[in-house]
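Spelled out, the chains give:
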Amino acid sequence: MISEKMIGMVQNSSAIRAMFEEGKIMAAKYGAENVYDFSLGNPNVPAPAEVKEAIEEILGEEDSLMVHGYMSNSGYEDVRQAIADSINKKFETQFRQENILMTVGAAGGLNVILKTLLNPQDEVLTFAPYFGEYRSYVSNFDGILKAVPANTVDFQPNLEAFETMITPKTKAVIVNTPNNPTGVVYSEDTIKKLAQILEDKQKEYGISIYLISDEPYRELAYDGAEVPYLTKYYKNTIVGYSFSKSLSLPGERIGYLVIPDEADESELIIGAANVANRILGYVNAPSLFQRVIAKCLDAKVDVEYYNRNRETLYNGLVKAGFSCIRPEGAFYLFVKSPVENEKEFCEAAKKYHLLIVPGSSFACPGYVRLAYCVSYETVTGALPKFEELAKEYGLS
């Protein structure tokens, strides 16, 4: 018999992945060109040319141990220093290679830092809507995830509710900006207010509360939107980053944690995170792609491709009568369901071969998420179907 905890995990397995698998079945039945799958945030833009060039250059080296050998749990020292230098240049920070821990993507990094910080029954707060796997990641280490109710006016964090939910058991807060699923960028004013609340609560309870900034979409921002770098606003910030979106490398599972010297007990956290990286079974981040990303820190995917999709899909949905907030980053649209039960709406969309994800998967029922990291042809082909769907609900 499998573990009781895993029974619950299986029963509540990701609706996004289930939708993705259903999309493959529909594509086989109706033809891929006739199915409009907006379920999974799988980048459609090719990796920059620099990635291929770096792979060929590295694999052409005579010293295979430089690529395939064992290393420190935290990753290659020169790679970590290159990342620290890049961050310092962009954000005027003062990080060293010791502050960088290479991880198996952002998900691996979140599990490493939660393993490092959490005791059983410690509380972790996050803001709805949020990436649903956070709940599983916190549960992995017997913590308790508490979701701050959504602010559905502009989807900035609901700071009034947040302040009331912090307790002496609060160990960490997870934020994700640009946000999945809304595409909202948390403003500098929001971040300053959030930091002040945390500072006040730390003093009130005599505890350390760590702000974990999950940043896989940092480079995907539009219209000149500024994405604040949170270590500059709150010293107990730990940053988790992934190259999955910025370099279109989701399958390579490569990212890093930033653990600043200013954070409370930073030396202990850095040492424990290195051990957590090993005992969780990662051991270290993929060696080849550590070397690759070190050569590609200034490379970027074609964000304009996503921007064209964003503009076309957002304008088309609004014209059809749907209500949604205009995203400033990432590659998602969060659309208000025309009926209270958004799962019913998702089922209705399937009649038009439209695959969208219910907002309850992100702790925000009444909305649906569309991932527009798809081909432009998928977007343009889907719009007439969305118009038909809108007519079914009397929106147009």
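Residues numbered from 1 in each chain as written. Predicted model: local features only at pLDDT ≥ 70, side-chain atom pairs only at ≥ 80, totals over all residues. Heavy atoms only, no water.

Asker: Even after reading the chapter, I still don't get empty space enclosed by the protein, so can you show me in this structure?
Answerer: A probe matching the size of a water molecule, rolled over the atoms, marks out where space remains unfilled. Applying the stated criterion to the full structure yields one cavity of 30 Å³ or more. The calculated volume of the largest cavity comes to roughly 30 Å³. Around the largest cavity sit S74, R80, E98, N99, I100, L101, I259, I270 and N274, which together line it. Among the elements of the structure, β2 (100–103) and α10 (266–279) are those that each provide at least two residues to the lining of the largest cavity. When the residues that make up the lining of the largest cavity are grouped by side-chain class, the tally is four nonpolar, three polar and two charged. (1 Å grid on protein atoms, 1.4 Å probe; cavity = no way out; pocket = protein on both sides within 12 Å on 5 of 7 lines; lining within 4 Å. Points joined across faces, edges and corners; volume = space filled by probe spheres on them. Helix = DSSP H or I, 4+ residues; strand = E, 2+ residues; numbered from the N terminus. Nonpolar A, V, L, I, M, F, W, Y, C, P; charged D, E, K, R; others polar.)

Asker: What is the right way to look at the side chain of S242 in this model?
Answerer: Of note, S242 is situated in strand β7 (residues 237–242). Polar side-chain contacts of S242 include one of 2.8 Å to the side chain of S244. Beyond its immediate chain neighbours, meaning those up to four positions away, S242 contacts A106, P216, I254 and G255. (Polar contact = N/O pair within 3.5 Å; in protein donor to acceptor, adjacent residues only side chain to side chain. Contact = heavy atoms within 4.5 Å.)

Asker: What is the right way to read the layout of surface pockets from this model?
Answerer: Taken as a whole, the second largest pocket encloses approximately 680 Å³ of empty space. Together, 29 residues line the second largest pocket, and K90, F91, R218, E219 and V227 are the ones closest to its centre. Broken down by secondary-structure element, the contributors of at least two residues to the lining of the second largest pocket are α5 (77–91) and β7. Its residues assigned to classes, the lining of the second largest pocket shows 17 nonpolar, three polar and nine charged.

Asker: Sorry if this is basic, but what is going on with the pattern of salt bridges here?
Answerer: As a working rule, side chains carrying opposite charge can pair if their charged atoms are close by. Going through the model one piece at a time under the given rule, you end up with 18 salt bridges. In this structure, the salt-bridge partner of D189 is K193, at a minimum N-O distance of 3.2 Å. Highlighted residues: D189 and K193, both in helix α9 (residues 188–205), separated by four residues, approximately one helical turn. Taking relative accessible area as the criterion, D189 reaches 43% and is therefore assigned partly exposed. K351 is paired through a salt bridge with E392; the nearest N and O atoms lie 3.0 Å apart. Here the residue K351 occupies a position in the loop between α13 (342–350) and β10 (354–355), and E392 occupies one in helix α14 (residues 376–392), the gap between them amounting to 41 residues. (Salt bridge = Lys/Arg side-chain N within 4 Å of Asp/Glu carboxyl O. Buried < 20%, exposed > 50% of the residue type's maximum accessible area, 1.4 Å probe, protein only.)

Asker: Teacher, can you tell me more about the nonpolar core here?
Answerer: Soluble globular proteins tend to pack their nonpolar side chains together in the buried interior. Of all hydrophobic cores here, the largest spans 38 residues; its most connected members are F38, L313, L370 and F386. Counting only elements with at least two residues in this core, the list comes to α12 (303–320), β9 (332–336), α13, β12 (367–371) and α14. Residue contributions to this core peak at six residues, all from α14. Once you skip the residues sitting within four places of it in the chain, L313 turns out to touch F38, L333, L370, Y372, V379, L383 and F386. By size, the runner-up hydrophobic cluster in this structure holds 30 residues, among which are V51, A54, M102 and Y256. (Core = buried A, V, L, I, M, F, W, Y, C linked by side-chain atoms within 4.5 Å.)

Asker: Please explain α12 as it appears in this structure.
Answerer: The first and last C-alpha atoms of α12 sit 26 Å apart over 18 residues, in line with the 26 Å expected at 1.5 Å per residue. Of all the residues in α12, the buried ones are Y306, N307, N309, R310, T312, L313, Y314, G316, L317 and A320. Lining the buried residues of α12 we find β9, β12 and α14. At the C-terminal side of α12, G321 shows a positive phi close to 110°. (Expected span 1.5 Å × (residues − 1).)

Asker: Explain the sheet that holds strand β11 (residues 357–358) here, please?
Answerer: The strands making up a sheet are joined through hydrogen bonds of the backbone, oriented either antiparallel or parallel. Strand order in this open sheet of three strands is β9-β12-β11, and the pairing throughout is antiparallel. Edge positions in the open sheet fall to β9 and β11, since each of these has one partner strand only. As paired strands, β9 and β12 are joined by five bridges and run antiparallel to one another. From the neighbouring strand, L333 faces β12, where its bridge partner is L370. Contacting β9 and β12, α12 crosses the sheet at an angle of about 10° to β9. (Pairing = 2+ DSSP bridges. Axes fitted to C-alpha atoms, helices over the stretch in contact; angles between N-to-C directions.)

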